[in-house]
Amino acid sequence: MNAAQDLYPSRVEKEENILERVDPIVYGRPEPAREHALSDAQMAFFEDNGYLVLPDWLPDMVDPVREELTHLKRKLKGREELVLEPDSGNLRSIFAVHEHSEMIAEVARHPKVLNLVQQILGSDVYIMQSRVNIKPAFRGKSFPWHSDFETWHVEDGMPRMRAVTAWLMLDENTEFNGPLYVIPGSHKHFVSCEGKTEQDNHKQSLRQQMAGVPSPESIEALTEKGLKGIYGKPGTLVIHECNLLHGSPDNISPWPRSIAMFVFNSVENRNQRPFSGLRPRPDYLSSSSQEPVRTASEET
Ligand SMILES: O=C(O)CCC(=O)C(=O)O
């Protein structure tokens, strides 16, 4: 069990509750702004809405990442990092992509990613997790509404809300091909879900999440600012706050949709023991290498 005070208990009560967030959203970097820094207006938008879309941000990275994925599918065949869809043998996600590909690690270390993430989190960061979600045309499956933080807190021991996901569109994300939907402003509340966490829940949840999914009543209550679909061309970068409620529908369109996601956690918020009291999840979901990430120029 995690000895730290649990400020965001979840899956411990019979009833679901909506709690107020006690952590800041933007931590700010206490040093002069660096290259590619977000403007005050962008920071304010992120703070208020919990996400930010940066069109045409890393277009040159798209083809090399896509090519790398072809190799990774072969290289990782039969390993747990490859997660299949709930009702077929089709590939749903590839985890730890930055560990298995130097080229993909370069995206996470790119100053157009890392500088912004450090700016929001106000500290050095480490890569807690990375993955590519693949939603093939006609058969890509949905993700239910959830807060990533809820899972990372309960199952990985992330103490506080001081993490973000930066993700790169590898295909055009449109209203039709199973794009991410977010609930703007929902990151200011925490849905303490009902239910119980089973040991090795990830074996189920990565294919189809059941535990840690808020009820329709909570989703309705938190949708006061409406919903937002996140659309963009390949090369668009999106940053979303760790507690933002999000999900996505099936892809029944003739167009595939894949995205590469990097989870950055502050080095001042390193994961500890899971708050569930269960065994920690495997390394490919919550990296035990909690070393600060540096851009290539910082390393030399
Ligand atoms: O890829 C998607 O459509 C949803 C991704 C997501 O919600 C997640 O991986 O947490």
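Each remark here, short or long, concerns the structure printed above.
Residues numbered from 1 in each chain as written. Predicted model: local features only at pLDDT ≥ 70, side-chain atom pairs only at ≥ 80, totals over all residues.

Draft legend 1. Local environment of the overall build of the chain. When you go through the chain residue by residue, the secondary structure sums to 9 helices and 13 strands. For 300 residues, the compact-globule estimate of 2.2 N^0.38 gives 19 Å, and the chain sits close to it at 18 Å. Taken over the C-alpha atoms alone, the chain extends approximately 50 × 50 × 35 Å along its principal axes. Taking all 300 residues of the chain together, the buried fraction comes to 44%. Sequence separation of 24 or more characterises 88% of the internal contacts of the chain that already satisfy a separation of 6 or more. (Helix = DSSP H or I, 4+ residues; strand = E, 2+ residues; numbered from the N terminus. Rg over C-alpha atoms; globule rule 2.2 N^0.38 Å. Buried ≥ 20, exposed ≤ 12 C-beta atoms within 10 Å, placed from the backbone. Contact = placed C-beta atoms within 7 Å.)

Draft legend 2. The sheet that holds strand E7 (residues 163-169), seen in detail. Strand order in the open sheet formed by 7 strands is E2-E11-E7-E13-E5-E4-E3, with antiparallel pairing between adjacent strands. Taken across any chain shown, the strands that pair with only one partner, and hence form the sheet edges, are strand E2 (51-54) and strand E3 (82-84). Pairwise comparison of adjacent strand axes, ignoring direction, gives a mean angle of 20° for this sheet. Taken together, the 3 bridges between strand E4 (residues 91-95) and strand E5 (residues 125-135) define a ladder with antiparallel strand orientation. Within E5, the residue paired with Ser93 across the bridge is Asn133. (Pairing = 2+ DSSP bridges. Axes fitted to C-alpha atoms, helices over the stretch in contact; angles between N-to-C directions.)

Draft legend 3. Layout of the site of the ligand. For the ligand, the full set of nearby residues is Asn133, Phe143, Asp148, Gly178, Leu180, His246, Ser248 and Ile259. Class assignment of the residues belonging to the shell around the ligand gives a composition of 3 nonpolar, 4 polar and 1 charged. (Near = placed C-beta within 6 Å. Nonpolar A, V, L, I, M, F, W, Y, C, P; charged D, E, K, R; others polar.)

Draft legend 4. View of the packing of helix H2 (residues 59-75) against helix H4 (residues 102-109). Interaxial distance between H2 and H4 falls to 9 Å at its minimum, and their mutual angle equals 145°. Regarding H2 and H4, the two cross each other, and that crossing is left-handed. In this structure, H2 contributes Met61, Pro64, Val65 and Glu68 to the contact, and H4 contributes Met103, Ile104 and Val107. A class-by-class count of the residues in the contact of H2 with H4 yields 6 nonpolar, no polar and 1 charged. (Left-handed = near helix turned anticlockwise from the far one by under 90°.)

Draft legend 5. Expanded view of H4. Of the positions making up H4, those classed as buried are Ile104, Val107 and Ala108. In an axial view of H4, the angular spread of the buried residues amounts to 100°, which keeps them on one side of the axis. Lining the buried residues of H4 we find H2, helix H3 (97-100), helix H5 (111-121), E5, E7 and strand E13 (257-266). (Arc of directions from axis to C-beta.)

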